[in-house]
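For reference, the chains in residue letters:
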Amino acid sequence: MAISDKLDKTKRSFKEKVALLLNKFSKVDESYFESLEDLLISNDVGAKLSLKIIDELKDDCKINKITFPNQITDLLFDKLKTLYSKQEYDSQINLSNKTNIILVFGVNGVGKTTSIAKLANIYKNKGLKVLLVGADTFRMGAIEQLDVWAKRVNVDIVSGHDNSDPSSVIYDGVSKGVKEGYDLVIVDTAGRLQTKDNLMNEANKMYRVISKILPEQYVESLLVLDSTIGQNGIYQAKAFLDNCNITGIILTKMDGTSKGGIVLGIKDQLNIPVKYIGVGEGINDLMEFDLDEYLKGILD
Ligand SMILES: Nc1nc2c(ncn2[C@@H]2O[C@H](COP(=O)(O)OP(=O)(O)O)[C@@H](O)[C@H]2O)c(=O)[nH]1
Ligand SMILES: [Mg+2]
C-alpha cells in the first residue's frame, strides 16, 4: 500500500485548507500571507520555518509579479520540496555490521514496543536473524508486552526482570547477539519521563556496555515520537537529543493525525531524519519513510 493511502487525514486536511484559501482570497496580499502562515503553523510545520517559507514566497511573488493565489500554490509546493530535497536526508537504517544494534528511546505511550515488534517483523521477513532485548525494566508489564510480540513475530528475546539494571540486560542481550550470530539486536528501553541527569547517566551506561562488547561500532539510536502530540513532540525530543546519540526518528500514529506537517518541523528544528512512520496498530503498519513520496502524498 502506498504511504499516501494511510495518510488520508493529513492529505485531505492540507489540500482542503489550501483550496479554501484559494476560494477566500481573490488576490495575493498581506492577509492572504497571514492566513497561509497560520495554515502552515496549524499543520505543525513550525513557526520559524513557516515564517521563512512565507518570507521567501513574498519575495518570489514580487520578482515574478504574482497576484493570484492559485499561482502561489505551485510555488509553495515547489518550495517545500526543495527545502526537503533528498540529498541531505538519509532515511536508511545502518545494517553494515555483523551484529547490528538498534536502541529505541522515547517516553511512555509513544509506541516504542509496538514499533520494535513491527521492525522485528520487517527485518525477519527480509531474512535477518533478529533478537529483541527487553530492557524497559521500570514499567510493570513492559517486558511481558515485548515477550508477547516476540512470540507473535517469532523472534528470540532476552529480557530482564522488573527493576533489574537495564544496562546489564543490554549486556546480556548484545553478548548473546554476537555469540550466536544474530544480524540485528533491537533494544526496548525505559520510557519514564526522566530527569536530564538520569537520562544522560542511563544512556551513557548503555553505550558503554555496548562498546565493551563491540568497540567503536555504530549504534543506531532511534527516538520514537507520537505525531499526534505535534509541536510538543519536538520539545520532548530535545531532551533525548541532548543526552543520547539519536540517529533517526520513528514517527508513530501518523494514521491518527491531520497534522502531517510535523515531518517538516522535525527536519527543520531537529535535523534528524525520520526513518520510519507508524500508520496503525497492526504488525504491518510501519513504513520506511520516503520523503519524496510523502511530500507528493500531501502536496500533489
Ligand atoms: N494508531 C496507532 N497506534 C499506535 C501506533 N504505534 C503504537 N500505537 C499504539 O500506542 C499505544 C502505546 O504503544 P506502546 O508500544 O505500548 O508504547 P510504549 O509505551 O512507547 O512502548 C498502543 O495502544 C499501540 O497500539 C501507530 O502507528 N498508530
Ligand atoms: Mg513499551
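Residues numbered from 1 in each chain as written. Chains lettered and ligands numbered in written order. Predicted model: local features only at pLDDT ≥ 70, side-chain atom pairs only at ≥ 80, totals over all residues. Heavy atoms only, no water.

### Details of the nonpolar core
Counting residues in each nonpolar core, the largest one holds 91 residues, and the members touching the most others are Leu 103, Phe 105, Leu 132, Ile 186, Leu 251, Ile 266 and Ile 277. For this core, the leading source of residues is helix H9 (residues 196–213), giving six residues. Two domains each donate at least three residues to this core, and these are domain 1 (3–88) and domain 2 (100–299). In this view, Leu 251 contacts Leu 225, Ser 227, Ile 262, Val 263, Ile 266, Val 274, Tyr 276, Ile 277 and Gly 278; residues no more than four positions away in its chain are not counted. (Core = buried A, V, L, I, M, F, W, Y, C linked by side-chain atoms within 4.5 Å. Buried < 20%, exposed > 50% of the residue type's maximum accessible area, 1.4 Å probe, protein only. Helix = DSSP H or I, 4+ residues; strand = E, 2+ residues; numbered from the N terminus. Domains from an automatic or database assignment. Contact = heavy atoms within 4.5 Å.)

### Remarks on the packing of aromatic side chains
A full pass over the atoms with the stated rule returns three aromatic pairs. Ring centres 5.9 Å apart and planes at 70° place the aromatic pair Tyr 32 and Phe 33 in the edge-to-face group. For Phe 33, a relative accessible area of 6% puts it in the buried group. Ring plane angle 45° and centroid distance 6.5 Å describe the contact between Phe 105 and Phe 240, whose orientation is recorded as tilted. Of the two residues, Phe 105 is situated in strand E1 (residues 100–105) and Phe 240 in helix H10 (residues 231–243); the sequence distance between them amounts to 135 residues. The burial state of Phe 105 is the same as that of Phe 240; both residues are buried. Taken together through their ring pairs, the aromatic side chains of Phe 25, Tyr 32 and Phe 33 make up a single cluster. Lying across the ring of Tyr 182, Lys 129 places its NZ or CZ 4.4 Å from the centre. One Lys or Arg, Arg 152, reaches over the ring of Trp 149 and ends 4.4 Å from the middle of that ring. (Phe/Tyr/Trp six-rings, centres within 6.5 Å; stacked < 30°, edge-to-face > 60°. Lys NZ or Arg CZ within 6 Å of the ring centre and 35° of its normal.)

### Looking at the pairing of E1
With six of six residues buried, E1 lies mostly within the body of the structure. Taking every second residue as pointing to the same face, both faces of E1 are buried, with Asn 100, Ile 102 and Val 104 on one and Ile 101, Leu 103 and Phe 105 on the other. By the bridge criterion, five bridges tie E1 to strand E4 (residues 184–188) in an arrangement that is parallel. Following the sheet pairing, Leu 103 is matched in E4 by Val 187. As paired strands, E1 and strand E5 (residues 219–226) are joined by five bridges and run parallel to one another. Bridge pairing in E5 places Ile 102 opposite Glu 220. (Pairing = 2+ DSSP bridges.)

### Some remarks on the domain arrangement of the protein
Accessible area lost upon the coming together of the parts is a frequently used measure of interface size. When the domains of the protein are assigned, the result is domain 1 (3–88) and domain 2 (100–299). The centre of domain 1, based on its C-alpha atoms, is set 33 Å off from the matching centre of domain 2. Each partner contributes to the interface: domain 1 provides 22 residues, whereas domain 2 provides 31 residues. Approximately 2600 Å² of surface area, both sides summed, lies buried where domain 1 meets domain 2, with 62% of it carried by carbon and sulfur atoms. Inspection of the domain 1/domain 2 interface yields zero salt bridges. Broken down by secondary-structure element, the contributors of at least two residues to the side of domain 1 that touches domain 2 are helix H1 (3–6), helix H2 (8–24) and helix H5 (69–83). Residue contributions to the side of domain 1 that touches domain 2 peak at six residues, all from H2. For the side of domain 1 that touches domain 2, the per-class residue count stands at eight nonpolar, six polar and eight charged. (Buried area = accessible area lost by both parts, 1.4 Å probe. Salt bridge = Lys/Arg side-chain N within 4 Å of Asp/Glu carboxyl O. Nonpolar A, V, L, I, M, F, W, Y, C, P; charged D, E, K, R; others polar.)

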